[in-house]
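A closer look at the structure
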2 protein chains.
Amino acid sequence: MTVDPETIAFANRLADASGAVIRPFFRQRIAVSHKPGLHAFDPVTEADKGAERAIRALIEKERPQDAILGEEFGAQDGSSGWRWVLDPLDGTRAFVTGRHEWGSLIALEKDGYPVLGLLDQPVLGERFIGADGAAWLLQNGTRSPLKTRACGALKDAILCATDPGAYFTQEQQVGFRRVASAARMTRYGGDCYLFAALALGFVDLVIEAGFQAWDIAALIPLVEGAGGVITSWTGGDCRDGKTILASGDKRLHQAAMALLSG
Amino acid sequence: MTVDPETIAFANRLADASGAVIRPFFRQRIAVSHKPGLHAFDPVTEADKGAERAIRALIEKERPQDAILGEEFGAQDGSSGWRWVLDPLDGTRAFVTGRHEWGSLIALEKDGYPVLGLLDQPVLGERFIGADGAAWLLQNGTRSPLKTRACGALKDAILCATDPGAYFTQEQQVGFRRVASAARMTRYGGDCYLFAALALGFVDLVIEAGFQAWDIAALIPLVEGAGGVITSWTGGDCRDGKTILASGDKRLHQAAMALLSG
């Protein structure tokens, strides 16, 4: 076992702290600021910053040897071989439109590889956790195992992607359309929450591109722990977030990969 | 006052009955059947049918003179001048993917015009109601007024649409892209829930096309009651659902209409 129960409990406390900061901001009229240097509209809320501050304070106090990489406040070195990778409010566009498909992403890497991933939705009271080849949902005090569903053929598959028109290159859009044309149904919007729906066994394929490291780290142990496959579009490591292909079934993953590359 | 408190209370009881049927099906592995004669994938669940049956049984028992139009079980004549228009599970694609942006739509028309509209999300415990020029949210036993927000210019507007690529004609997509290019941000997915987000004051524009009468009837009193404008793309009546342009601000509605028509 790579991740001991105390570490999992600590990750849960980080999510508790993050959720306590974020929850009161949901559906409040909050200031939406622009990040400098980005052309696309990218809302960064007080909730986002406050939650990352709360998480970092706990790590610095209780596990000061761990490194940290956070979306809002950058990188901090450590000496333990562990690194926390944080995006306390992934799906800010859903958040600012008063909708629910957003979450706090908390990952723990050991020697560079994510071994624990947590997606917390504090308004829904849902916490999706993956660690050491298992994944589970905590909700209303109940722990339920997460398991992707079997789906062997694209014609039966439900495909999700947040917004290919905005986040994919022209060439990537062509590849995506090939998969979408073969799939049973394609559905947009969702951000990190799509990977939770995959882990729950209600979505068969998630195709994304243009993620950052902190957007993807927590989702790798979650998808893998639920029995799914998550790689780049060419089947390699997706930790850089540049392209992501997640599937609940290995056969489907192969079929999608073939169409993405043309 | 067109709609008396007893009628509003009855509509709430219809939503209670619908929600009780639907709730246990959420995130259960349910049979997804195809509707005959449609090329697009259109899941119709047991939840959908069961909820409409429950609603119709209550109307037939307690208000037998009222007419009914329901998505699943069609039209039934009445003699009272009132007609209930029902889509107990709008957003079935969100529902079957384990996500939350769906709702039960219950409208009451008087002499052909919707005067009461209710959007119930029984898993979230949210009920959005519009009647007689007012709109409110019922949640956790609390009633809060719904009010769209002011937004005078497209460059500041958040635009939402469920899936223009699937539901709009080529020509409609061109018009939509003109609005999207001018808007601050565009966000996909959502179905009926987008109109709730508009009534809450977190979305400025919703543009849709290809709705049926039962998809739109409940949303008209909701948007209008919250202070918004909801018409066809050319500013006319949208009760047929063919094109829908909803805005929280009249100025924005005018600006979007001009771009949609080219």
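Okay, so let's go over this structure. (Residues numbered from 1 in each chain as written. Chains lettered and ligands numbered in written order. Predicted model: local features only at pLDDT ≥ 70, side-chain atom pairs only at ≥ 80, totals over all residues. Heavy atoms only, no water.)

1. Description of the overall build of chain A
When helices and strands are counted, chain A shows nine helices and 13 strands. A compact globule built from 262 residues would reach a C-alpha radius of gyration of about 18 Å, and chain A, at 17 Å, matches this within 12%. Judged by the C-alpha coordinates and their principal axes, chain A covers about 50 × 45 × 35 Å. In chain A, which comprises 262 residues, the share counted as buried stands at 61%. For chain A, the share of sequence-separated contacts (at least 6 apart) that also reach a separation of at least 24 residues comes to 61%. Summed over all atoms, the accessible surface of chain A reaches about 10000 Å², with 52% contributed by carbon and sulfur. Taken as two groups, the 27 positive and 32 negative side-chain charges of chain A have centres that lie 5 Å from each other. (Helix = DSSP H or I, 4+ residues; strand = E, 2+ residues; numbered from the N terminus. Rg over C-alpha atoms; globule rule 2.2 N^0.38 Å. Buried < 20%, exposed > 50% of the residue type's maximum accessible area, 1.4 Å probe, protein only. Contact = heavy atoms within 4.5 Å. Areas by Shrake-Rupley, 256 points an atom, 1.4 Å probe, with all protein chains shown as cover. Lys, Arg positive; Asp, Glu negative; His and termini not counted. Charge placed at Lys NZ, Arg CZ, Asp CG, Glu CD.)

2. Quick notes on the packing of aromatic side chains
Each pair of aromatic rings is reported with the distance of its centres and the angle of its planes. All names here are of chain A. Scanning all chains against the criterion turns up 18 aromatic pairs over all chains. Ring plane angle 90° and centroid distance 6.1 Å describe the contact between phenylalanine 128 and tyrosine 193, whose orientation is recorded as edge-to-face. Placement of the pair is phenylalanine 128 in strand E6 (residues 126-131) and tyrosine 193 in helix H6 (residues 193-200), with a sequence separation of 65 residues. Overall, phenylalanine 128 belongs to the buried group, its relative accessible area being 0%. Through a chain of ring-to-ring contacts, the aromatic side chains of Phe168, Phe176, Tyr188 and Trp233 assemble into a single cluster. Geometry around tryptophan 82 places arginine 63 over its ring, the cationic atom sitting 5.8 Å from the centre. (Phe/Tyr/Trp six-rings, centres within 6.5 Å; stacked < 30°, edge-to-face > 60°. Lys NZ or Arg CZ within 6 Å of the ring centre and 35° of its normal.)

3. Observations concerning the side chain of Asp249(A)
If you trace the backbone, Asp249(A) turns up in the loop between strand E13 (243-247) and helix H9 (250-260). When residues no more than four places from it in sequence are discounted, the contact partners of Asp249(A) are Arg149(A), Ala150(A), Cys151(A) and Gly152(A).

4. Side note on the pairing of strand E11 (residues 205-209) of chain A
Residue and element names in this part refer to chain A. Across the five residues of E11, five count as buried, placing the element largely inside the fold. Bridge count between strand E9 (residues 158-161) and E11: two bridges; the pairing is parallel. Across the sheet, cysteine 160 pairs through a bridge with valine 206, a residue of E11. Of the pairings in the sheet, the one linking E11 to E13 comprises five bridges and is antiparallel in character. When the sheet's bridge partners are listed, isoleucine 207 is paired in E13 with leucine 245. (Pairing = 2+ DSSP bridges.)

5. Thoughts on the pairing of strand E8 (residues 142-145) of chain B
All names here are of chain B. One ladder, built from four bridges, connects strand E7 (residues 134-139) with E8; its direction is antiparallel. Across the sheet, leucine 137 pairs through a bridge with serine 144, a residue of E8. What sits between E7 and E8 in their antiparallel hairpin is a turn of two residues, with asparagine 140 showing a positive phi close to 50°.

Distances and angles like these do not, on their own, reveal function.
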